[in-house]
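Okay, here's what each chain looks like letter by letter:
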Amino acid sequence: MHGIVGRYATIDASRRDLPPSKLLLLLLVLMNGAAPIALYIFVPALPVLASDFGSDISVAQMTVSLYMVGLACSQLIMGPLSDRFGRRPVLLGGLALMVAASIGCIFAQTLPQLIGLRFLQALGGASGMVISRAIIRDLYSRDRVGGMLSLVIAVMMIAQMLSPLAGGVIETAFGWRAIFYAVTAGAIVVAAAITLALPETSRRSAPAAQRGGFGTDLRSLFGSRAFIGYVLCQVLASAIIFIFAGGGPYVVVTQMGRSSAEYGAWFASSGFAYLMGNVFCVKFSPRHSLDRLIWFGLGLQIAGALLNLAWGILGWNQVPSWLFGTHMIIMFGNAAVMANAAAGAISIRPQAAGTASGLMGFTQFGFGSLCSQAGAWLGGHFATPLPLNIAIFGTALACASAMIFLVPRRNLIATEELIEKAEEETLV
């Protein structure tokens, strides 16, 4: 597969950047989507869950909020472990934990038990999210990573958008515990596919002095101006999603007086725009550098946020069509920013792609949870969406400032040359 042979494979430099096989793409989508799908498929069952356990809905909501905490913590752990011990063993270990926790969820007798098991489920399942990015970096050069990430995300989002519907159907027909039967079966299928078909891709053949350790990787990454700039850009771009997701329901349902079903339909338009943005990156990444695609996405983010702010000041976005119409522009650009900023971050030190991916994912979900709470507060404490628009516009400007952190351009070019040299040394 992709020029990789043997149990502990090495990467054939002459065959890097080839179009992915259908099997490779499927494996990347499966491992990347396991944790997010397990999150969203359970959301429709929350009201029934609260009723069954005789608990408040806010307590049942902890099966989601602590799941998010598990996603963040897992990436900080699994990334460095995959650099040290290889992608396959850490990935399979994480999926084994996910299977065990999912089985435990089936037989949970109390809500605290279920909340704890959901945390463990996320801790194991998120290994696929962080390691899939590292595997893509193993197989592709810097300027092709963004396109591959976009391709995997685009395919995964189709399944992710359908997962709440699937969860609702399963819960209605068989009860909420049946959802965990489905999640357990899915995790077993993913683990079996990876065991049989995915070779080792990490650069474990590099000399020990060249690989360094976890401390060396951290010093190298945090000492890089480019790494910090890319991570800030990626995290702030994702913060826009979390802010809007936190405040959007209150704006549409409470302020605009629309139904939750109508909000869900409008919110799907944002997901569709994000999907199209990733398809755009897949098409244009072979012809344009990742930095150029980031700047393009930043331009769309700021333009959409500025329009939303203008509609808020003029009082025009008191109906969903105005609010979500401009937000679709933001989300299209957001896709270009996030995928390519992630590609830049995990390319600073190719031998530590797992550590870089984990640090980025931990920061993204940790900061994102705060932004989600802030968005909910802004949406629930004001009579218009204007404060939410201001927050999104400010975050878009901060995201652009993170890219400016990478200048002067000569320093960035020098960094890119060092990256390419490190790649060539690793592949020899």
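Residues numbered from 1 in each chain as written. Predicted model: local features only at pLDDT ≥ 70, side-chain atom pairs only at ≥ 80, totals over all residues. Heavy atoms only, no water.

Caption draft 1: Layout of the pattern of salt bridges. Applying the stated criterion across every chain, the model contains 2 salt bridges. Asp 83 is paired through a salt bridge with Arg 87; the nearest N and O atoms lie 2.8 Å apart. Look at Asp 83 and you get buried, because its relative accessible area is 11%. The class of Arg 87 is buried, set by a relative accessible area of 2%. (Salt bridge = Lys/Arg side-chain N within 4 Å of Asp/Glu carboxyl O. Buried < 20%, exposed > 50% of the residue type's maximum accessible area, 1.4 Å probe, protein only.)

Caption draft 2: Summary view of helix α17 (residues 386–404). Compared with an ideal rise of 1.5 Å per residue, which puts 19 residues at 27 Å, α17 spans 27 Å between its outermost C-alpha atoms and is within 8% of the ideal. Among all positions in α17, only Pro 387, Leu 388, Asn 389, Ile 392, Phe 393, Thr 395, Ala 396, Cys 399, Ala 400, Ala 402 and Met 403 are buried. Its buried side turned inward, α17 meets α12 (225–255), α14 (290–314), α15 (320–345) and α16 (353–380). (Helix = DSSP H or I, 4+ residues; strand = E, 2+ residues; numbered from the N terminus. Expected span 1.5 Å × (residues − 1). Contact = heavy atoms within 4.5 Å.)

Caption draft 3: Examining the layout of surface pockets more closely. Quantified by volume, the second largest pocket comes out at close to 320 Å³. Gly 33, Ala 34, Ile 37, Gly 186 and Val 190 are the residues nearest the centre of the second largest pocket, which is lined by 16 residues in total. Counting only elements with at least two residues in the lining of the second largest pocket, the list comes to α1 (22–40), α8 (142–174) and α9 (177–197). In terms of residues, the lining of the second largest pocket owes the most to one element, α1, which gives 6 residues. Grouping the constituent residues of the lining of the second largest pocket by class yields 13 nonpolar, 3 polar and no charged. (1 Å grid on protein atoms, 1.4 Å probe; cavity = no way out; pocket = protein on both sides within 12 Å on 5 of 7 lines; lining within 4 Å. Points joined across faces, edges and corners; volume = space filled by probe spheres on them. Nonpolar A, V, L, I, M, F, W, Y, C, P; charged D, E, K, R; others polar.)

Caption draft 4: Fine view of the confidence of the model for the chain. Taken residue by residue, the chain gives an average pLDDT of 81. The fraction at 70 or more is 86%. Taken element by element, the chain is modelled with least confidence in strand β1 (residues 4–5), mean pLDDT 44, and with most confidence in helix α5 (residues 87–106), mean pLDDT 95. Low confidence marks residues 205–210, where pLDDT is under 50. Its contacts with residues over four positions away, or in another chain, come to 7 contacts. Confidence drops under pLDDT 50 across residues 408–414; counting only partners more than four residues distant or on other chains, this segment forms 7 contacts. (pLDDT = per-residue confidence, 0-100.)

Caption draft 5: Looking closely at the nonpolar core. In this structure, Phe 42, Leu 71, Leu 114 and Cys 233 are the most contacted members of the largest nonpolar core, which totals 114 residues. With 15 residues, α12 is the single largest residue contributor to this core. Setting aside residues no more than four positions away along its own chain, Cys 233 makes contact with Ile 294, Leu 298, Val 337, Ala 341, Cys 399, Ala 402 and Met 403. (Core = buried A, V, L, I, M, F, W, Y, C linked by side-chain atoms within 4.5 Å.)

Caption draft 6: View of the packing of helix α4 (residues 62–85) against α16. As a packed pair, α4 and α16 sit with axes 7 Å apart at the nearest point and diverge in direction by 170°. In this view, α4 runs roughly antiparallel relative to α16, as classed from their interaxial angle. Mapping the contact onto sequence places Met 68, Leu 71, Ala 72, Cys 73, Gln 75, Leu 76, Gly 79, Pro 80, Ser 82 and Asp 83 in α4 and Ala 353, Gly 354, Thr 355, Ser 357, Gly 358, Leu 359, Gly 361, Phe 362, Phe 365 and Gly 366 in α16. Considered class by class, the residues forming the contact of α4 with α16 number 10 nonpolar, 9 polar and 1 charged. (Axes fitted to C-alpha atoms, helices over the stretch in contact; angles between N-to-C directions. Parallel < 35°, antiparallel > 145°, perpendicular 65-115°, else oblique.)

Caption draft 7: How the structure looks around the packing of aromatic side chains. The tally for this structure, following the rule as stated, stands at 14 aromatic pairs. Relative to Phe 180, the ring of Trp 176 lies with its centre 6.2 Å away and its plane at 90°, an arrangement referred to as edge-to-face. Residue Trp 176 shares its accessibility class with Phe 180, and that shared class is buried. Ring geometry for Phe 222 versus Phe 227: centroids 6.1 Å apart, planes at 90°, classification edge-to-face. Here Phe 222 falls in the partly exposed class, since its relative accessible area comes to 47%. Judged by its relative accessible area of 2%, Phe 227 falls in the buried class. An aromatic cluster of at least three residues, connected via ring pairs, comprises Phe 42, Phe 53, Trp 176 and Phe 180. (Phe/Tyr/Trp six-rings, centres within 6.5 Å; stacked < 30°, edge-to-face > 60°.)

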